[in-house]
Amino acid sequence: MNKVILMGRLTRDPEVRYSQSAEPLAIARYTLAINRRFKRQGESEADFIPCVAFGKQGEFAERYFRKGQMVSVVGRLQVRNWEDSEGKKRTTTEVVVEEQYFAESKAASSGSASASTAGSSSPAPRKSDDMGDGFYPIDESIEDDDLPF
């Protein structure tokens with residue numbers, strides 16, 4: 001069984017390229033900085049794991065992932081071998097992403113920047129037209145005693 005589960009911060013924005021085929025395929029590459037649980041004196045405190053996401057996963061990473069965000073990745077470990085331009089044999093180990101998730105809220109990942117620009121601590125109310133996610137606004141004038149639960 002080859003299964004990897006990681007959670008860490010993006011070291012930079014994902015680098016995305018598209019294959020040169022009849023139907024271009026997105027290929028996103030990014031690196032996760034993963035804090036070590038235990039460390040010895042003189043060792044670095046994090047490991048930097050290269051990840052690659054193909055297709056829809058790659059497009060998702062391109063659109064939503066940004067440097068510094070905490071993300072969670074499920075995938076498989078892959079070792080690639082190739083020859084560089086000088087004829088030297090090279091090897092790399094990377095995680096091929098099968099699933100990827102946000103591991104913190106948007107507010108937590110953006111830090112205090114959003115709070116300082118908002119001007120208030122509560123989010124602005126959304127119009128019911130904007131509710132395409134299956135939720136609808138609750139009338140704030142309803143008392144707790146009127147709720148059915």
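No experiment lies behind these values; they were computed from the predicted model shown.

Novice: Any chance you could break down the overall build of the protein for me, citing the residues and the numbers?
Specialist: The helix and strand inventory of the protein stands at 3 helices and 6 strands. Secondary structure elements of the protein occur, N-terminal to C-terminal, as β-β-β-β-α-β-β-α-α. For the protein, the residues scored as buried account for 23% of the 149 residues in total. For the protein, the accessible surface area stands at approximately 11,700 Å², while carbon and sulfur atoms represent 51% of it.

Novice: A description of the confidence of the model for the protein should follow, citing residues and the corresponding values.
Specialist: The pLDDT averaged across the protein works out to 81; a share of 71% of its residues lies at or above 70. The secondary structure element of the protein with the lowest average pLDDT is helix 3 (residues 113-118), at 39, and the one with the highest is strand 1 (residues 4-10), at 96. Contacts for the low-pLDDT stretch residues 112-128, under 50 throughout, to residues beyond four places or in other chains number 3 contacts.

Novice: An account of the pattern of salt bridges is needed here, citing residue identities and associated values.
Specialist: Counted according to the given criterion, the structure contains 9 salt bridges. One salt bridge in this structure joins aspartate 84 and arginine 90, with 3.1 Å as the shortest N-O distance. The network of salt bridges with common partners includes Arg12, Glu15 and Arg17.

Novice: Explain the environment of cysteine 51 residue by residue, including any values.
Specialist: Its place among the elements puts cysteine 51 in strand 4 (residues 46-54). By relative accessible area, which is 2% here, cysteine 51 ends up buried. When neighbours within four sequence positions are excluded, cysteine 51 is seen to be in contact with Ala28, Arg29, Tyr30, Leu32, Val95 and Val97.

Novice: Any details on helix 1 (residues 55-64)? Residues and values, ideally.
Specialist: Considered for burial, the residues of helix 1 that qualify are Gly55, Gly58 and Ala61. Seen end-on, helix 1 carries its buried residues on one side only, within an arc spanning 120°. Seen from the buried face of helix 1, the exposed residues on the opposite side, beyond 90 degrees, are Lys56 and Arg63. Buried residues along helix 1 sit against strand 2 (15-18), strand 3 (26-35), strand 4 and strand 6 (89-102).

Novice: I'd like to hear about the packing of aromatic side chains, residue by residue, with values.
Specialist: According to the stated counting rule, one finds 6 aromatic pairs in the structure shown. Each ring, one from phenylalanine 60 and one from tyrosine 64, has its centre 5.0 Å from the other, and the planes form 50°; the classification is tilted. Here tyrosine 64 and phenylalanine 60 lie together in helix 1, a separation of 4 residues that amounts to about one turn. Phenylalanine 60 sits in the partly exposed class, given a relative accessible area of 26%. The exposure class of tyrosine 64 is partly exposed, given its relative accessible area of 41%. With a centroid separation of 5.7 Å and an interplanar angle of 75°, the aromatic rings of phenylalanine 65 and phenylalanine 102 are classed as edge-to-face. Taken together, the residues span a long stretch of sequence, with phenylalanine 65 in the loop between helix 1 and strand 5 (70-83) and phenylalanine 102 in strand 6 at a distance of 37 residues. Accessibility expressed as a relative area gives 0% for phenylalanine 65, which makes it buried.

Criteria and thresholds
- Here the residue numbers are simple positions, counted from 1 along each chain's written sequence.
- It should be noted that, the model being predicted, local features are given only for residues of pLDDT at least 70 and side-chain atom pairs only at 80 or more, the latter also being counted only at that level, while totals for whole chains, interfaces and linings use all residues.
- With hydrogens and water set aside, each side-chain value is computed from the structure's full complement of heavy atoms.
- Strands are runs of DSSP state E lasting at least 2 residues, helices are runs of H or I lasting at least 4, and numbering of each runs from the N terminus.
- Any residue under 20% of the maximum accessible area for its type is buried, any over 50% is exposed, and the rest in between are partly exposed; the area is computed with a 1.4 Å probe on protein chains only.
- Method for areas: the Shrake-Rupley scheme with a 1.4 Å probe, in which residue coverage is limited to the protein chains shown.
- pLDDT expresses how confident the predictor is about each individual residue, on a scale running from 0 to 100.
- Whether two residues are in contact is decided by their heavy atoms, any of which lying within 4.5 Å being enough.
- Whenever Lys or Arg places a side-chain nitrogen within 4 Å of a carboxyl oxygen from Asp or Glu, that contact is recorded as a salt bridge.
- Directions are taken from the helix axis to each C-beta atom, and the arc is the one they span.
- Note on aromatic contacts: the rings of Phe and Tyr and the six-membered ring of Trp form a pair at centre separations within 6.5 Å, being stacked when their planes are under 30 degrees apart, edge-to-face when over 60 apart, and tilted otherwise.

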